[in-house]
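# Remarks on the overall topology
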Amino acid sequence: MAETEASLLRQFPLLLPQNQAKTVYEGFISAQGRDFHLKILLPKDLQLRNARLLCSWQLKAILNGYHHVVQQRMQHSPDLMSFLVELKMVLEVALKNKKELLVYVDTCFSTIKLKAEDASGREHLITVKVKAKYPAESPDCIVDFPVSFSVSWTPQSSLISIHSQFLAALESLKAFWDVMDEIDEKTWVLEPEKPTRSATARRIALGTNASIHIEVDPRHPTMLPECCFLGADHVVKPLGIRLSRNIHLWDPENSLLQNLKDVLEIDFPARAILEKSDFSMDCGICYAYQLNGAIPDQVCDNSQCGQPFHQICLYEWLRGLLTSRQSFNVIFGECPYCSKPLTLKMSGRKA
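This structure is a prediction, so every number in the text was calculated from the model and none was measured. (Residues numbered from 1 in each chain as written. Predicted model: local features only at pLDDT ≥ 70, side-chain atom pairs only at ≥ 80, totals over all residues. Heavy atoms only, no water.)

Mapping Asp 118 onto the fold places it in the loop between strand S6 (111–117) and strand S7 (123–129). Judged by relative accessible area, which is 8%, Asp 118 ranks as buried. Taking the C-alpha atoms as reference, Asp 118 lies 14 Å from Val 179; in sequence the two are 61 residues apart. Beyond its immediate sequence surroundings of up to four residues, Asp 118 is in contact with His 124, Leu 170 and Trp 177. (Helix = DSSP H or I, 4+ residues; strand = E, 2+ residues; numbered from the N terminus. Buried < 20%, exposed > 50% of the residue type's maximum accessible area, 1.4 Å probe, protein only. Contact = heavy atoms within 4.5 Å.)

Structure, rendered in structure tokens:
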């Protein structure tokens, strides 16, 4: 009991018992640098479910709309200490909601979602999962980031400190999201179809059934990314040669998209332009674009054909032909469309 009282005094030094039986507590609870007056009247058995909470008019105004939550916590909190911790959390959330930062909170205050904008005006969410030993134990924080996010936490920390660390992390990733947004807005991104903020890869259409797959470093987003060209050899091999020849032109002061244009000596076609042309991305065998989440990544090398296929579709097709032959993981056969020689490597993407 003495340990609980000592812990209560450490956590809430401005809230003190007013009688020897400790059925009356009065003082202040602090949140966001502000002190709010309150009084708690406990029954003789000290059971919270029969207690009364008397608030100052300022505290009543801030908790307006949260009264049912406060009452619920009084009914279910095991002791005064637990209730005060939860009340402080409710108060922090209520104060944040005045600033329109609160998106969601469940009735048990175990899941809280807050929002924030980065310097470019993008909106981001952080989900805070409060544990049973809060605030002694750090909450779990879930974010849509391309890098890991962990919060610095002490028993004196609060939702305010989590939100502040969240804002700092957003600022550190601003350049990365600027780079990815420019790619999404000015090119035709084939994969992922709906990129999340954590996605670091893009597969970008180059036209004539060719594309480039890039993997961007979130910490150094304007540096040369990992690149893999996909498509017919007569289209992608010259691109690989240009990349090697012009790599010295890469300037980290320019945007990643502009650097790709400069070193590859191309303009990336917009989706609207390609959709009006003869550009085809559907598989020539199953006639679908997506198959179990995969899109066509094999292309006939005949410049007069250039038909794309899903790897698995082309594999099954070639395996069924008597004229096809296989050497380890490579199958040699004919294109289903133009009958020209075609090679399929089953080890992964063609470089």
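That shown, we press on.
Evaluation of the coordinates by the stated rule reveals 14 salt bridges. Among the ionic pairs, Arg 122 bridges to Asp 118, the shortest N-O distance being 2.7 Å. The exposure classification of Arg 122 matches that of Asp 118, with both residues buried. With a shortest N-O distance of 3.3 Å, Lys 131 and Asp 140 are connected by a salt bridge. Residue Asp 140 is classed as partly exposed on the basis of its relative accessible area of 40%. (Salt bridge = Lys/Arg side-chain N within 4 Å of Asp/Glu carboxyl O.)

A few words on the sheet that holds strand S12 (residues 226–230). Taken together, four strands build an open sheet; the order of strands is S9-S10-S11-S12 and the sheet is antiparallel. Each edge of the sheet is formed by a strand with only one pairing partner; in this case those strands are strand S9 (189–191) and S12. With strand direction ignored, the average angle separating the axes of adjacent strands in the sheet is 30°. Pairing geometry for S9 and strand S10 (residues 201–207), over two bridges, is antiparallel. Counted as the bridge partner of Glu 191 is Arg 203 from S10. (Pairing = 2+ DSSP bridges. Axes fitted to C-alpha atoms, helices over the stretch in contact; angles between N-to-C directions.)

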